[in-house]
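# Tertiary structure, described
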Amino acid sequence: MSRVGRDLRVAGVVQGVGFRPYVHRLATGLRLSGRVGNDVAGVFIEIEGTQENVTEFLSALPRDPPPLARIDRVHVTACAARGADGFEIAASRDGGAHGALVSADFATCADCLRELFDPADRRYRYPFVNCTHCGPRFTIVREVPYDRPRTTMADFPMCAACGAEYTDPTDRRFHAEPTCCPDCGPRLELGGSTDPVGDAVARLADGQVLAIKGLGGFHLAVLAAHPTAPAVLRARKHRADKPFAVMVADLRQATELCEVDEIGERELTGPRRPIVLLPRRADARISAAVAPATSELGLMLPYTPLHHLLLRDLGEPIVLTSGNISDEPIAYRDADRLAGIADAVLTHNRPIHIRADDSVVRAGTVLRRSRGYAPEPLVLPLSCPQPVLACGAELKNTFCLTKGSHAFLSQHIGDLTDHETYVSFTESVQHFQRLFGITPRVVAHDLHPDYLSTRYAGELDDVDLIGVQHHHAHIASCLADNGETGPVIGVAFDGTGYGPDGTIWGGEFLVADLSGYERAGHLRPVPLPGGDAAVRQPWRMAAAYLPNADLPVTRRHKTQWAAVVAMARNGVNAPLTSSAGRLFDAAAALLDVRDEITYEGQAAIELEQCADPSTSEGYPAAVHDLVVHGEDLLHAIVADLHAGVDRAVIAARFHNGLADAVVTCCARLREHTGLQTVALSGGVFQNALLLRRTAAGLRRRGFRVLTHQRVPANDGGISLGQAVVAARRTGG
Amino acid sequence: LAHGAGGKATQTLVEAVFLEAFRNPVLEQLDDSAVLEIGPSRLALTTDSFVVTPLFFPGGDIGHLAINGTVNDLAVSGARPLYLTAGFIIEEGFPVADLIRIATSMREAADAADVHVVTGDTKVVQRGKGDGCYVTTAGVGVIEHDRRLGPSEVRPGDAVIVSGPIGDHGITIMLARGDLGIESDLVSDTASLHELAAALLDAAPGVRMMRDATRGGVATVLNEVARAAEVAVVVEEDAIPVRPEVRGAAELLGIDPLYVACEGRFVAVVDGAESDRAVEALRRHPLGARAAVIGRVGEAPAGLVLLKTAFGGTRICDVLVGDPLPRIC
Ligand SMILES: [Fe+3]
Ligand SMILES: [Mg+2]
Ligand SMILES: [Zn+2]
Ligand SMILES: [Zn+2]
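What you see is a predicted model; the values in this text were computed from it and never measured. Numbers given to residues run from 1 along each chain, matching the order in which its sequence is written. Whichever chain is written first becomes A and whichever ligand is written first becomes 1, with later ones labelled in order. In keeping with the predicted nature of the model, local features appear solely for residues at pLDDT of at least 70, side-chain atom pairs appear and are counted solely at 80 or more, and the whole-chain, interface and lining totals rest on all residues. Based on all heavy atoms of the structure, the side-chain values leave hydrogens and waters out of the count.

### Considering empty space enclosed by the protein
Residue and element names in this part refer to chain A. Whether a set of points on the 1 Å grid over the protein atoms alone is a cavity depends on a 1.4 Å probe fitting there but being unable to get out, while an open set qualifies as a pocket with protein on both sides within 12 Å along at least five of seven lines; lining residues are those with an atom within 4 Å of a point. Grid points are joined across faces, edges and corners, and a volume is the space filled by probe spheres set on the points. For the coordinates displayed, the defined rule picks out three cavities of 30 Å³ or more. Of the pockets and cavities examined, the largest cavity occupies roughly 150 Å³. In terms of lining residues, the largest cavity is bounded by 22 residues, among which Pro 127, Leu 215, Thr 304, Pro 305 and Arg 350 are the most central. Numbering of helices and strands runs from the N terminus, with a helix taken as a DSSP run of H or I at least four residues long and a strand as a DSSP run of E at least two residues long. Sorting the residues of the lining of the largest cavity by element identifies strand 7 (210-213) and helix 9 (305-314) as the ones contributing at least two each. Counted by class, the lining of the largest cavity contains 13 nonpolar, seven polar and two charged residues. Residue polarity is assigned by list, with Asp, Glu, Lys and Arg as charged and Ala, Val, Leu, Ile, Met, Phe, Trp, Tyr, Cys and Pro as nonpolar; anything else, Gly included, falls into the polar class.

Written out as structure tokens, the structure reads:
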């Protein structure tokens, strides 16, 4: 019988996810000969066999790939049969165009978990068990193509038993690059202890602070229900109020702390294992210092074998927070800087090549896209003729690289004004460029002249710079998240962003598509007395909005009130701002919720938590010429305060009133523009109460509403928005 | 025009317009003073214009600033200030009594600095075309040693010194405008630094550079050093002398004292081994009583100024392009 040959190129997430064994099984099952291998472009396959079997192979290939694989494209060329003997997995080959996609890091799979707790298994209680369906990827890859010598597992030669699994096409660990066992793999270490896990568990039970090396960096852990340990950790970390995340052993423990709905359960147990924000149960047994002044708790399930061992042996939840001091980046190479914080360090000798903080999600929406997601590409609604680097914002920085219709959004980088974070930014940009073979020709940046990301862009050679307005980037990010290109009515509500008119924007109604925008409406501007000082001290916004108020907040700040009012009035370091975040700040201060913040967005978050969700009335706010008079809402608050209305009701009426004003403004804009779609973006729309009411009101009026899902509404999404705007402006 | 706060924007304007127009090897140094070799002698030449609101403020007035600013530019370039010129642009109707006050304080400042105003010029502009009075001074001094001073002389291992508490002048001016209703005992630090600069040069042969921290404050000077010498400047936040009144007012105003103008303070970089001796010499003079080492020069990250905070964090202290704008989203 005549034999035919085919050469295939497969692009997508196809390396390190058991794709070659899958091809091997498929090919041998159809009695095809040839080979499969990784190269920098993805996976190459050469097959030959009967016409019928070759055809069957081509149709079966995309049908049932391994769980972590994603096939984006298969390119097939016919060729003569080479007369190959059998089907083999070829050594990786270098060269060619970079197109291979590095997988994100994934949580321990069910099969590996069974082995971990099976006393008969040779990997019983081995904290580094993994296979092609789970384990570290992005955080250990140094170079592509992805195979062991190019990862931080290079220094661990496989033992005979692991080698046999690795080369057996029928084994779950066939070409599982980080595979290892107690005989050949990494080891735990805890200050010379002979039983590091047992010692760690004993220390945690005793109330000590433990540093634990994870996938993307060191965590700090304490017993969550311990009477003093979480407070001790707060003091040592210099983290005043920002909630800590909690790791629970399993779903049952999760439901003891929080209300877990179906979406929450899916997010908790999925392979990405983010921190999931969930409503806290009133009877949750947890120290008050874990998450003060919030009704939510961030939970996650174990995602490494080590977490599973610790949580199972300990039998109760732990606080698991990034290993750093206040706003610094997470420690990842050594735990030296945690010396003053942790009583002991549970570490190991498998190096982490790149940092990745835990991701955060709430109700199906990503709030921080990092470990478990990065560097998985997002497919864009346009193709970029020129590779783009988008440098992102400043505080919740991410960056984004594009290639064709793929956007590689970085892991959460953080606050660039911190030097180590800035270094992490520059190194990660280089790393991504190498991993994905991208040399950017076009560099997008914010218009803020002092953002360090803007400065970075300005210092690059041989690139075209494209400045993208902050709120346009927010809306473009929301469009890209939804696979759309506009035009839309874009409502971008956030803290502050540089406006090209020299004022500080943050409550914007834009008519926008990917290429441009027009500022159609906004919140009525007020002075921001003291710039960033006003952001840190929400009471200043109460003074800026209501200089003549006679309320508890006025009296609490009577020594400075008049001076701040004068700064606002005379424009002394008091730029005008249309910020929605600052309107929330003023409301929070008026309601005695928060006068000063210790983390970004704190006043608005606590105001939302305090609002009564069953209240349906909202305060009226005037909308004149597409300018929303936010001060109307504040005057209504003052009136209700004087009338003795409950604060929870007032907080709800404020939220509802602002949402209604957004709907009104959008409806007027529809009259001018005919646009039927509204995109909601910016960090303020992480406020669930505001988002729900706004989206529902818009839908009732017949609008189609786009919100964020895969990409954060906050500044973590800015780089994606910058990237698509730059791509469109350069012919995409 | 956002080109006045002394940061990146100013540099761009200066470089784009004036450096282009006048390009020559001396100007290309872009130093506060030009050093001229004339026969056997080395002269320093500088000029500066003064615009300030209010014209009279606690601790001084525009006249003091005009003398001291030019004297200080000469002094920090290592010269002994000798002669000054003075030019006045006066708005029609400006009170003669005020002009006399300004001239008197200029003479007092010149006497204190041991310099003479030897020539001048006066122009009157229409009412509404000037803020009362602008003053321009130029000065010449002689350099009586053969040491090379300047930001590019700085090298890793050097110590960074400030000659006294920072931010007094800028904060005093902001409060003196009277629109905040804040009572304060603060006075401007305006002073002539010629003795202090000379004392430092005498005490420490390893002085690399001195620079008066005027517009843009200490942070801007440090960035200039980091870029010119391609070094890292690492400053300890806790070591920076700031008066509590200045710190308090700066907090209220939302301004970082590191970016606030001084008119009688300089930043000096000296050989690390001589830092104690240098600080002692400065402290012997009343204007340097609170001189302090605030940081060190390192190799990396070249071109950046880093600020070590009390928590042990390290923040990037960059030049601001214009007025400080909020960055927290
Ligand atoms: Fe933003
Ligand atoms: Mg000067
Ligand atoms: Zn597995
Ligand atoms: Zn092994």
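Here the narrative resumes.
### A few points about the sheet that holds strand 7 (residues 133-143) of chain B
Residues and elements named next belong to chain B. Strands are treated as partners if at least two bridges between them are detected by DSSP. Taken together, five strands build an open sheet; the order of strands is 1-2-7-5-6 and the sheet is mixed. Two strands close off the open sheet at either side, each with one partner strand: strand 1 (34-38) and strand 6 (116-125). The mean inter-strand angle of the sheet, taken between neighbouring strand axes irrespective of direction, is 20 degrees. By the bridge criterion, five bridges tie strand 1 to strand 2 (residues 41-50) in an arrangement that is antiparallel. When the sheet's bridge partners are listed, Val 35 is paired in strand 2 with Ala 44. For helices, the fitted axis covers only the stretch in contact; all axes are lines through C-alpha atoms, and the angles between them, taken along N-to-C directions, range from 0 to 180 degrees.

### Some points on the sheet that holds strand 20 (residues 464-468) of chain A
Residue and element names in this part refer to chain A. Reading across the sheet, the five strands line up as 16-18-17-19-20 and stay open at both edges, with mixed pairing between neighbours. Across the chains shown, the open sheet's two edge strands, defined by having one partner strand only, are strand 16 (378-384) and strand 20. Recorded for the sheet is a direction-independent mean angle of 30 degrees between the axes of neighbouring strands. Looking at chain direction, strand 16 and strand 18 (residues 400-409) are connected through three bridges and run antiparallel. Residue pairing in the sheet places Cys 384 in a bridge with Gly 404 of strand 18. The contact criterion used throughout is that any non-hydrogen atoms of two residues lie within 4.5 Å. Strands in contact with helix 12 (residues 470-481) are strand 16, strand 19 (442-446) and strand 20; relative to strand 20, the strand with the most contacts, it is inclined by about 95 degrees.

### Notes on the domain arrangement of chain A
Residues and elements named next belong to chain A. Where each domain starts and ends comes from a domain assignment, either automatic or drawn from a database. Split into domains, chain A comes out as domain 1 (4-89), domain 2 (188-362), domain 3 (377-470) and domain 4 (495-708). Here the C-alpha centroids of domain 2 and domain 4 sit 34 Å apart. Listed as interface residues are nine residues of domain 2 and, on the opposing side, eight residues of domain 4. For the domain 2 and domain 4 pair, buried surface summed over both sides reaches about 670 Å², with 48% attributable to carbon and sulfur atoms. Area buried by domain 2 at its contact with domain 4 is led by Asp 241, Ala 293 and Arg 362, which between them contribute 51% of it. Counted as salt bridges are all cases of a side-chain nitrogen of Lys or Arg within 4 Å of a carboxyl oxygen of Asp or Glu. The tally of links between domain 2 and domain 4 comes to one salt bridge. Linking Asp 241 and Arg 594 is a salt bridge whose minimum nitrogen-to-oxygen distance equals 3.9 Å. Counted as a polar contact is a pair of N or O atoms within 3.5 Å, where, for protein atoms, one must be capable of donating a hydrogen and the other of accepting one, and residues adjacent in sequence contribute only when both atoms are in side chains. In this structure, the connection of domain 2 to domain 4 is made through four residue pairs in polar contact (both at pLDDT 80 or more). Partitioned by chemical class, the residues of the side of domain 2 that touches domain 4 number three nonpolar, two polar and four charged. Here's the idea: put two parts together, see how much 1.4 Å probe accessible area each one loses, and the total over both is what we call buried area.

### Concerning the coordination of the magnesium ion (ligand 2)
Residue and element names in this part refer to chain B. Listed donors are limited to N, O and S atoms within 2.8 Å of the metal, widened to 3.2 Å for Na, K and Ca; water is not among them, so incomplete-looking sites are possible. The coordination sphere of the magnesium ion (ligand 2), as far as protein atoms go, consists of Asp 48 (OD) and Asp 73 (OD), spread over 2.3 to 2.5 Å. One end of the pair, Asp 48, is in strand 2; the other, Asp 73, is in helix 2 (residues 62-76), with 25 residues separating them in the sequence. A residue is classified by how much of its surface remains accessible, and Asp 48, at 28% relative accessible area, is partly exposed. We classify Asp 73 as buried; its relative accessible area is 6%. With a 1.4 Å probe rolled over the protein chains alone, any residue whose accessible area is under 20% of its type maximum counts as buried; one over 50% counts as exposed, and the rest are partly exposed.

### A short note on helix 20 (residues 647-673) of chain A
Residue and element names in this part refer to chain A. Across its 27 residues, helix 20 extends 39 Å between first and last C-alpha, which sits within 8% of the 39 Å expected from 1.5 Å per residue. Within helix 20, 20 of the 27 residues are buried, which leaves the element mostly enclosed by the surrounding structure. Regarding helix 20, its N-cap is Asp 646, as a side-chain oxygen of that residue lies 3.2 Å from the backbone nitrogen of Ala 648 further along. With its phi angle positive at about 75 degrees, Gly 674 sits one or two positions after the end of helix 20. A helix's residues, less one, multiplied by 1.5 Å, set its expected span.

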